[in-house]
Amino acid sequence: METIKAIAEQHGTPIILFSENEFTRVYKSIQSYLPRVKHHFALKPLPTKECIQAISACDGYLDIASIGELELVKSADPSMVARTVYTHPIKKEADIETAALNGIKTMVAENFTELRKIMKVAPEMNVLLRIAFPNEEARCNLSERYGADEERFERLYAFAHKIGANVIGCSFHVGSQMQQPNEHVNAIRECRRIYNWVYENFGVKFKVLDIGGGFPAKYTKDDMDLEDFCEPIREVLDELFEDEMDIWSEPGRSIAANCHIAVTQVIGKVWKNNRMWYYLDDGVYGTYAGMMYEDISYELHPTKYSEEEPILSVFAGPTCDSIDVILKNVMYQPLEVGDYLYSIRIGAYGWASRTQFNLLAESRIIPYDFDLVAIEEFIEESQLVLA
Ligand SMILES: Cc1ncc(COP(=O)(O)O)c(C=O)c1O
């Protein structure tokens, strides 16, 4: 991967190569798999101007969780504010007000206190009430933290109606990186029941259904294809919700996970306890944070393959902490200080979760359009030749 090496030499490391093509390709594919859904890309995993502009170019939508993200949207493409939903269920009163003043038209609430805050500072705001669908098996069981269960929803809606909140529908998040679409399908069915209940009891017809995130990223061959995952969701939406119902989603991970490559450099090495320890300038407190937060394991690929005998190796990050180890006890070609290594499919939330631990340099994003499939083929072929 001479090009990756050349970019690393030019910009220094640690860096993330961001492929706008790859990002756009996945976003457009979810648009085609669920054509009637307005997909609000959740900025959380990759809050960058490039992503916002790419979504804008696809006539897409955004989901924000903070005023910081709103500021980013405004600076990247102010026209996108009108296509942005503020989905964090708990917000400071000042943030609700700032969002309203800056053009946010819809936000999420899930409790009485939040509804009171919204009515106090932004009474015109459209509100989506978040419903909980607990799911122990999801990579992040978000309904444990947010959302009203069925019984609370009925009281919550009655209260919202009484105080005149402009509730336009419901949202949910069944959990991140779902392996099967069943939870989405069941939640959509449950929402149909809830929407009927609201109509029967209050004569109100909801206009929007927000089916959240949770779509799977393709980390490994075992992860379900997005197209297969979306099919039953499309069917149940068509079965239960008439065309006038505005359907939204908030995909984050599935769009962001595979559009970047991490590039790091060997900065030190020592032979210790019968293995070679390599120290890199990026690690689990940096771009490889998914190891800590999400149980993701990474591969490291050399920019140049060698035919030398592999040796038992450990790859550690740059901090002083003992847990900062990316790969332990693997057979690997010998490397020198200054060599570059890269990782593909590095996941969605690593870059956003990276820290400044030890005040070490954080990875920077460098735009570079790559073809993921071609890189994977190259890696596979190179490994076969050496095997
Ligand atoms: C409210 C909300 N929407 C969307 C997302 C994105 O979810 P995912 O990355 O599973 O697509 C999250 C993730 O935490 C979230 O909390």
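(A) Molecular detail of the site of the ligand. In the neighbourhood of the ligand, 17 residues make up the surrounding shell, with Ser176, Gly213, Glu250, Gly252 and Arg253 lying closest. Among the residues making up the shell around the ligand, the classes are represented as 5 nonpolar, 8 polar and 4 charged.

(B) Here's a closer look at the nonpolar core. By size, the foremost hydrophobic cluster in this structure holds 103 residues, and its most contacted members are Met107, Ile118, Val127, Leu129, Ile131, Cys170 and Val263. Lining this core are residues from two domains, each supplying at least three of them: domain 1 (2-16 + 259-386) and domain 2 (20-256). If we skip the residues at most four places from it in the chain, Ile131 touches Gly147, Ala148, Phe153, Cys170, Phe172 and Ile194.

(C) Main features of unusual backbone geometry. A cis amide bond links Thr13 to the next residue, Pro14, at an omega of 5°. Its identity is not glycine, yet Asn273 carries a phi of approximately 50°, on the positive side. Inspection of the secondary structure assignment puts Asn273 in the loop between strand 10 (260-272) and strand 11 (275-280). Positive phi outside glycine occurs at Asn329, with the angle close to 55°. Of note, Asn329 is situated in strand 14 (residues 325-332).

(D) View of the environment of Lys74. As for its position among the elements, Lys74 is in helix 4 (residues 67-76). A count of 16 C-beta atoms within 10 Å places Lys74 in the partly exposed class. As a C-alpha pair, Lys74 and Lys49 span 25 residues in sequence and 9.6 Å in three-dimensional space. Residues in contact with Lys74, not counting those within four places in the same chain, are Val81 and Asn102.

(E) View of the domain arrangement of the protein. The domains assigned to the protein are domain 1 (2-16 + 259-386) and domain 2 (20-256). Computed over C-alpha atoms only, the centres of domain 1 and domain 2 are separated by 34 Å. The partner domain 2 presents 17 residues to the 14 residues of domain 1 that form the contact. At the level of elements, helix 12 (350-353) and strand 16 (364-367) are the ones that each hand at least two residues to the side of domain 1 that touches domain 2. For the side of domain 1 that touches domain 2, the residue count by class is 10 nonpolar, 1 polar and 3 charged.

(F) Quick peek at the pairing of strand 7 (residues 166-172). Where burial is concerned, most of strand 7 is hidden: 6 out of the 7 residues are buried. Here 6 bridges tie strand 6 (residues 126-131) to strand 7, and the two strands are oriented parallel to one another. In the sheet register, Leu128 faces strand 7, and the bridge partner there is Gly169. In this view, the connection linking strand 7 to its parallel neighbour strand 8 (residues 208-210) by way of helix 8 (residues 182-202) has right-handed handedness.

(G) Structural view of the packing of helix 2 (residues 20-33) against helix 9 (residues 226-240). One can describe the packing of helix 2 onto helix 9 by two numbers: an axis separation of 9 Å at closest approach and a directional angle of 30°. Viewed along their axes, helix 2 and helix 9 adopt a mutual orientation that is roughly parallel. Relative to helix 9, the crossing made by helix 2 is right-handed. Of the residues in helix 9, those in contact with Ser29, Ile30 and Tyr33 of helix 2 are Leu226, Glu227 and Cys230. Residues belonging to the contact of helix 2 with helix 9 are distributed by class as follows: 4 nonpolar, 1 polar and 1 charged.

Rules used throughout
Residues numbered from 1 in each chain as written. Predicted model: local features only at pLDDT ≥ 70, side-chain atom pairs only at ≥ 80, totals over all residues. Near = placed C-beta within 6 Å. Nonpolar A, V, L, I, M, F, W, Y, C, P; charged D, E, K, R; others polar. Core = buried A, V, L, I, M, F, W, Y, C linked by C-beta atoms within 7 Å. Buried ≥ 20, exposed ≤ 12 C-beta atoms within 10 Å, placed from the backbone. Domains from an automatic or database assignment. Contact = placed C-beta atoms within 7 Å. Helix = DSSP H or I, 4+ residues; strand = E, 2+ residues; numbered from the N terminus. Pairing = 2+ DSSP bridges. Right-handed = clockwise from strand over helix to strand, strands pointing away. Axes fitted to C-alpha atoms, helices over the stretch in contact; angles between N-to-C directions. Parallel < 35°, antiparallel > 145°, perpendicular 65-115°, else oblique. Left-handed = near helix turned anticlockwise from the far one by under 90°.

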